[in-house]
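Listed here are the chains, written in short residue letters.
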Amino acid sequence: MSANVDIFERNVADQTEALRDATVGIAGCGGLGSNIAVSLVRAGIGRLILVDFDRVEPSNLNRQHFFLSDIGQLKVEALSRHLTAINPDVRIQSHPERLDADRTPVVFREADLLLEAFDRAESKKWLIEAWCVAYPDRPIICGNGLSGAGDTESLHVLKMGPITLCGDGRTDMTIGLSAPRVAIVAAMQANEAVAYFLRRHLARRTATEREREIR
Amino acid sequence: MIRVNGEWMEWTEGMTVQDMLNRKGYDFALIIVTIDDRLIPDDEYDETRIPDHADVKALHIHHGG
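Residues numbered from 1 in each chain as written. Chains lettered and ligands numbered in written order. Predicted model: local features only at pLDDT ≥ 70, side-chain atom pairs only at ≥ 80, totals over all residues. Heavy atoms only, no water.

Focus: the pairing of strand E5 (residues 55-60) of chain B
Residues and elements named next belong to chain B. Two strands pair when backbone bridges link them, and strand E1 (residues 2-4) and E5 are joined in this way by two bridges, in the parallel orientation. Pairing of Arg3 across the sheet is with Asp55, part of E5. By the bridge criterion, five bridges tie strand E3 (residues 31-35) to E5 in an arrangement that is antiparallel. Among the inter-strand pairings, Ile32 is bridged to a residue of E5, identified as Leu59. (Pairing = 2+ DSSP bridges. Helix = DSSP H or I, 4+ residues; strand = E, 2+ residues; numbered from the N terminus.)

Looking at the nonpolar core
All names here are of chain A. Val24, Ile26, Ile36, Leu40, Ile45, Leu48 and Leu115 are the most contacted members of the largest nonpolar core, which has 41 residues in total. Elements with a minimum of two residues in this core: helix H1 (15-20), strand E1 (23-27), helix H2 (31-43), strand E2 (47-51), helix H3 (75-86), strand E4 (113-116) and helix H6 (179-214). Per-element tally for this core: the top contributor is H6, with nine residues. Discounting chain neighbours no more than four positions away, the residues touching Leu115 are Val24, Gly25, Ile26, Ala27, Ile36, Leu40, Ile141, Gln189 and Ala193. If you look at the next biggest cluster of nonpolar residues, it comprises 25 residues, including Val51, Tyr135, Cys142 and Leu165. (Core = buried A, V, L, I, M, F, W, Y, C linked by side-chain atoms within 4.5 Å. Buried < 20%, exposed > 50% of the residue type's maximum accessible area, 1.4 Å probe, protein only. Contact = heavy atoms within 4.5 Å.)

Remarks on H3 of chain A
Residues and elements named next belong to chain A. Between its terminal C-alpha atoms H3 stretches 17 Å, which fits the 16 Å expected from twelve residues at 1.5 Å a residue. All of the buried residues along H3 are Lys75, Val76, Ala78, Leu79, Ser80, His82 and Leu83. Residues of H3 that are buried sit in contact with H2, E2 and strand E3 (91-95). (Expected span 1.5 Å × (residues − 1).)

Thoughts on the packing of aromatic side chains
Across all of its chains, the model carries three aromatic pairs over all chains by this definition. Aromatic side chains Phe118 of chain A and Trp126 of chain A sit 5.6 Å apart centroid to centroid with 55 degrees between the ring planes, which places their arrangement in the tilted category. Assessed through its relative accessible area of 26%, Trp126 of chain A is described here as partly exposed. Ring geometry for Tyr196 of chain A against Phe197 of chain A: centres 5.2 Å apart, planes inclined by 70 degrees, an arrangement best described as edge-to-face. Taking relative accessible area as the criterion, Phe197 of chain A reaches 1% and is therefore assigned buried. Above the ring of Tyr135 of chain A, the side-chain terminus of Arg138 of chain A is found at 3.7 Å from the ring centroid. We note Arg3 of chain B situated over the ring of Trp8 of chain B; from NZ or CZ to the ring centre the distance is 4.7 Å. (Phe/Tyr/Trp six-rings, centres within 6.5 Å; stacked < 30°, edge-to-face > 60°. Lys NZ or Arg CZ within 6 Å of the ring centre and 35° of its normal.)

Some details on the side chain of Ser147 of chain A
Mapped onto the elements of the fold, Ser147 of chain A is located in the loop between strand E5 (140-143) and strand E6 (156-160). Among all residues touching Ser147 of chain A, those that are not within four sequence positions of it are Asp168, Thr171, Asp172, Met173, Ile175, Gly176, Leu177 and Arg181 of chain A together with His63 of chain B.

A short note on the sheet that holds E3 of chain B
Sheet strands pair by backbone hydrogen bonding; their relative direction is either parallel or antiparallel. Ordered by their spatial adjacency, five strands build an open sheet running E2-E1-E5-E3-E4 (chain B), and the pairing between neighbours is mixed. Taken across any chain shown, the strands that pair with only one partner, and hence form the sheet edges, are strand E2 (7-9) and strand E4 (38-40) of chain B. Adjacent strand axes in the sheet meet at a mean angle of 30 degrees when their direction is disregarded. As defined by bridge partners, E1 of chain B adjoins E2 of chain B across three bridges and the pair is classed as antiparallel. Opposite Arg3 of chain B, over in E2 of chain B, you have Trp8 of chain B as the bridge partner. The strands that helix H5 (residues 121-134) of chain A touches are E3 and E4 of chain B; relative to E4 of chain B, the one it contacts most, it runs at about 125 degrees. Strands E1, E2, E3, E4 and E5 of chain B of the sheet are contacted by helix H1 (residues 17-24) of chain B, whose axis makes an angle of about 120 degrees with E3 of chain B. (Axes fitted to C-alpha atoms, helices over the stretch in contact; angles between N-to-C directions.)

Geometric values such as these leave the question of function open.
This is the structure in structure tokens:
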């Protein structure tokens with residue numbers, strides 16, 4: 001089935017054009033990754049590269065975008081189905097594999113931007129380093145501190161060069177993970193990605209207009 | 001002088017990333033560091049020298065996703 005209706009009619013000006021040709025990588029399809037992917041597909045992202053080795057478990061359903069009928073399935077496969085049910089035209093490349101630092105630049109070679117959505121801090125660190133060493137000019141947007149409930153006012157965005165960190169910058173998952181707070185941070189990451197592509201689109205358009213003026 | 005996470009810090013000739021982390025008492029294993037918006041990988045902390053007037057950021061990474 002193809003979307004014969006304009007699902008992006010209510011988008012922000014230029015957003016649909018800015019995202020149509022954009023490719024994002026999502027490392028991890030759990031609490032952050034599944035919610036980021038849903039947000040970006042609704043926003044109009046053209047292409048996604050999804051990586052996760054894991055299968056859906058009952059304990060995932062308290063915060064991840066999966067359903068009881070997905071239990072036992074590969075997360076990348078179940079998520080791809082849910083995403084194409086929102087927009088059948090989205091292009092998805094799925095990698096059901098355990099990522100490492102060496103594979104990161106290979107798997108995400110065609111990504112304009114990477115969204116970090118891992119559980120463990122050790123994995124977040126090597127992912128950020130592998131990405132920034134391989135592609136120093138491409139952004140990476142990470143989740144950093146999203147455990148617990150409430151405390152919405154502590155969630156913020158921090159930028160350090162190509163790295164954007166979203167979260168409270170202090171909580172650890174030993175205190176538990178709650179659907180709304182995980183989804184807020186996922187939405188903050190997706191929002192930063194949309195903003196990046198909008199800025200890129202407007203910069204390219206300005207450059208083209210200048211070229212025309214010069215001619 | 002350099003700035004570390006927005007705070008001024010005295011700069012010394014030959015100061016490495018590891019020296020800065022030691023002086024600040026940042027002993028977390030899971031930290032990411034940028035100098036003037038460029039990421040410095042973990043295995044380069046001992047050899048990378050921080051230039052005077054640099055803008056350094058060093059942030060702790062947390063579990064959860």
